[in-house]
Amino acid sequence: MALKVLYALDAAKIQYYHFKAIIIAGMGLFTDAYDLFCIPPIMKLLGRVYYEDKPGQDQYQIPRVVLATMLGTALLGTVIGQLVFGRLGDRMGRRHVYGISLILMVFSSIGCGFSFCRTKTCVLVSLGIFRFFLGLGIGGDYPLSATIMSEFANKKTRGAFVAALFSMQGLGILASSLVTMVVSKIFEAAASKNLSWKHTPEDADIVWRLILILGAVPAGLTYYWRMMMPETARYTALVENNVLQATKDMEKVLDVSISRIAEDDLIYLQQDPPSYSLLSKQFFRRHGVDLFSCATTWLLLDIAFYSSSLFQSQIYKMHLHLKNTNVYEETFKVAVFQAIVALVAAIPGYWLTVYFIDRIGRRKIQMMGFLCMGIVYFALGIPYHYWGEKKNKGFLFLYGLTFFFANFGPNTTTFIVPAELFPARFRSTCHGFSGAVGKVGAFFGTLGFLWASNHNGPDDLPKIGPMRIALVSLGVICLLGMGVTYLFTRETNGRSLEENENEDENTELCLFRCHMDADRHPNTSVPQ
């Protein structure tokens, strides 16, 4: 069934609501990045508070098994959230499920800050539990945000709008660093007046809780507007088969007159909607390759991306000179480094994708990003003995490039493409599945990095051999991602969502659009 309302969505001009939707939908991704990137300085604070009594070099150091568990619970929650909420988004509607994921994120963030008790074991267990539920909410937000934004946008600028939505992650990274810096300085100033700034575990215990709680504020403030968003017209028209309601909903938010899309002016083609189900043979015949490419590239990307994020802990030891600093100064330096990486590498990468994605396409950007990331990892890993000995700025520059080309590349495109390739009734589910496979890759990347960094030398820095193996392996993984993209990923640029679905009725839908274009441009030829 081809509908004039869908054509109107594809042809709609850029309007105020598109930008409003970026902010409303993007707050979930903002919170995701905030909670991910505030963890390194928070781990420093937890180490100072709860591991002060450990001897020698292990003083203030959280054991790697605790770090792995803390990261693993959040990733497990994210995997489950993407699968469950992604499926619910297709069964119950995007709007009905959207608010649930945001509320879960808000209350879980607050719960992380109010983790029960004051004893080490109790705090870490409760923090891990709340981070699991936080992961559930974050996981649910991924497929719903991407699907909603892609279904509201027009086909010419759809990539830029979904990329702009995803760029809210960059602002979340920067916000987490700024909040950490400000809170640390405030408590350091207050502690120094009491002449107790060297040993303030009680005050430091408040700092990490406050940082986590403040991350829930922006997402909580957008809850009302998120619930006021109407259901997407594509879901209402194609899944619920309620064309008139889809038209009314679109009129509420976009500057399109309902008289132009009146019910009696809709063009119906006598074609029953496809009857095959999710995971049926017909589904895999039509969409199996697309699902494979989306899931596999996301898997490979997250192995590299999360490993790079964790590698920051080794950079702190090599370049930030954290020894003989008080707890607040240590936290402040870590947050400053993260803010610099966000400002000079991550955020520019996001916005270059916004600018170029509808000009050169998703596939080329993804291949270019994977290739450049691979080259940078080889440049870091093969001569790692040189970087480890010199400890110079070149290493930091190359490290920043991994984030730049991840965001001006597969970190953004793997979020966009699954929201464009699949039919409306499977779109959120397939996006959630692809993202869940990616987070499985993040888990294995985390384990691989913890293995590499577990072999420390006498200077408490990782041994050259394991780190070289880890970095070169990441380079190979990125080249593999480029190969999978080249062989299996279809370009979605400039095409409507319905054309990208690759359904049988697309032929008739394309004829419908040709007739619509012919009405506007009499010289346009219409295929028979």
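For the structure itself, consult the block above.
Residues numbered from 1 in each chain as written. Predicted model: local features only at pLDDT ≥ 70, side-chain atom pairs only at ≥ 80, totals over all residues. Heavy atoms only, no water.

## Observations concerning the overall build of the chain
Part 1: When helices and strands are counted, the chain shows 24 helices and zero strands.
Part 2: With 528 residues in all, the chain has 59% of them scored as buried.
Part 3: Sequence-distant contacts in the chain: of pairs separated by 6 or more residues, those separated by 24 or more amount to 83%.
Part 4: Here the chain displays about 21300 Å² of accessible surface, and carbon together with sulfur accounts for 65% of that area. (Helix = DSSP H or I, 4+ residues; strand = E, 2+ residues; numbered from the N terminus. Buried < 20%, exposed > 50% of the residue type's maximum accessible area, 1.4 Å probe, protein only. Contact = heavy atoms within 4.5 Å. Areas by Shrake-Rupley, 256 points an atom, 1.4 Å probe, with all protein chains shown as cover.)

## As for the packing of aromatic side chains
Part 1: This model, assessed by the stated rule, comprises 21 aromatic pairs.
Part 2: A centroid spacing of 5.6 Å and a plane angle of 85° characterise the contact between Tyr224 and Trp225, whose relative ring orientation is edge-to-face.
Part 3: Summarising the aromatic geometry, the rings of Phe356 and Phe408 are spaced 6.0 Å apart at their centres and angled 40° between planes, so their arrangement reads as tilted. Placement of the pair is Phe356 in helix H15 (residues 327-360) and Phe408 in the loop between helix H18 (393-407) and helix H19 (410-416), with a sequence separation of 52 residues. (Phe/Tyr/Trp six-rings, centres within 6.5 Å; stacked < 30°, edge-to-face > 60°.)

## Quick word on the packing of helix H2 (residues 16-37) against helix H6 (residues 120-152)
How two helices sit against one another is set out by the angle between their axes and by the gap between those axes.
Part 1: Contact geometry for H2 and H6: axes closest at 9 Å, N-to-C directions at 155°. With respect to their mutual orientation, H2 and H6 come out roughly antiparallel. Note that H2 runs across H6; the crossing there is left-handed. Touching Tyr17, His18, Ala21, Ile22, Ala25, Gly28, Leu29, Asp32 and Asp35 of H2 are Arg131, Leu134, Ile138, Asp141, Tyr142, Ser145, Met149 and Phe152, all from H6.
Part 2: Considered class by class, the residues forming the contact of H2 with H6 number ten nonpolar, three polar and four charged. (Axes fitted to C-alpha atoms, helices over the stretch in contact; angles between N-to-C directions. Parallel < 35°, antiparallel > 145°, perpendicular 65-115°, else oblique. Left-handed = near helix turned anticlockwise from the far one by under 90°. Nonpolar A, V, L, I, M, F, W, Y, C, P; charged D, E, K, R; others polar.)

## Details of the nonpolar core
Part 1: Met229, Met373, Tyr377 and Phe415 are the most contacted members of the largest nonpolar core, which has 81 residues in total.
Part 2: Beyond its immediate chain neighbours, meaning those up to four positions away, Met373 contacts Leu301, Ala304, Thr402, Phe405, Ala406, Pro410 and Cys478.
Part 3: In terms of nonpolar packing, the next biggest core, distinct from the first, is built from 32 residues, Phe30, Leu46, Ile62 and Phe130 among them. (Core = buried A, V, L, I, M, F, W, Y, C linked by side-chain atoms within 4.5 Å.)

## Observations concerning a nonpolar patch on the surface
Part 1: Taken together, the side chains of Leu76, Ile80, Leu83, Val84, Leu88, Met92 and Phe433 define a hydrophobic patch exposed on the protein surface, amounting to about 550 Å² of accessible area.
Part 2: Among the elements that line the nonpolar patch, the one with the most residues is helix H4 (residues 64-91), at five residues.
Part 3: Here Ile80 is to be found in helix H4.
Part 4: For Ile80, a relative accessible area of 33% corresponds to the partly exposed category. (Patch = residues over 30% accessible without salt bridge, like charges linked within 9 Å, V, L, I, M, F, W, Y side chains within 5 Å. Salt bridge = Lys/Arg side-chain N within 4 Å of Asp/Glu carboxyl O.)

## Observations regarding H6
Part 1: For H6, spanning 33 residues, the distance from its first C-alpha to its last is 47 Å, which sits close to the expected 48 Å at 1.5 Å a residue.
Part 2: Extensive coverage of H6 is indicated by the burial of 26 of its 33 residues. (Expected span 1.5 Å × (residues − 1).)

## Remarks on the environment of Asn242
Part 1: Structurally, the position occupied by Asn242 is in the loop between helix H12 (233-239) and helix H13 (243-253).
Part 2: On the accessibility criterion, Asn242 (34% relative accessible area) is partly exposed.
Part 3: Beyond its immediate sequence surroundings of up to four residues, Asn242 is in contact with Thr236 and Ala237.

## Side note on the pattern of salt bridges
Part 1: Summed over the entire model, instances satisfying the criterion amount to 16 salt bridges.
Part 2: In this structure, Glu330 engages Arg48 in a salt bridge whose closest nitrogen and oxygen atoms are separated by 2.9 Å. On the criterion of sequence distance, the pair formed by Glu330 in helix H15 and Arg48 in helix H3 (residues 39-50) is long-range, its members being 282 residues apart. Of the two residues, Glu330 and Arg48, neither departs from the other in class, the shared state being buried.
Part 3: Between Arg362 and Glu420 there is a salt bridge, and its shortest N-O distance comes to 2.6 Å. On the criterion of sequence distance, the pair formed by Arg362 in helix H16 (residues 362-381) and Glu420 in helix H20 (residues 418-421) is long-range, its members being 58 residues apart. Glu420 shares its class with Arg362; the two are buried.
Part 4: Residues joined by salt bridges that share partners form a network here, namely Asp90, Arg94, Glu151 and Arg427.

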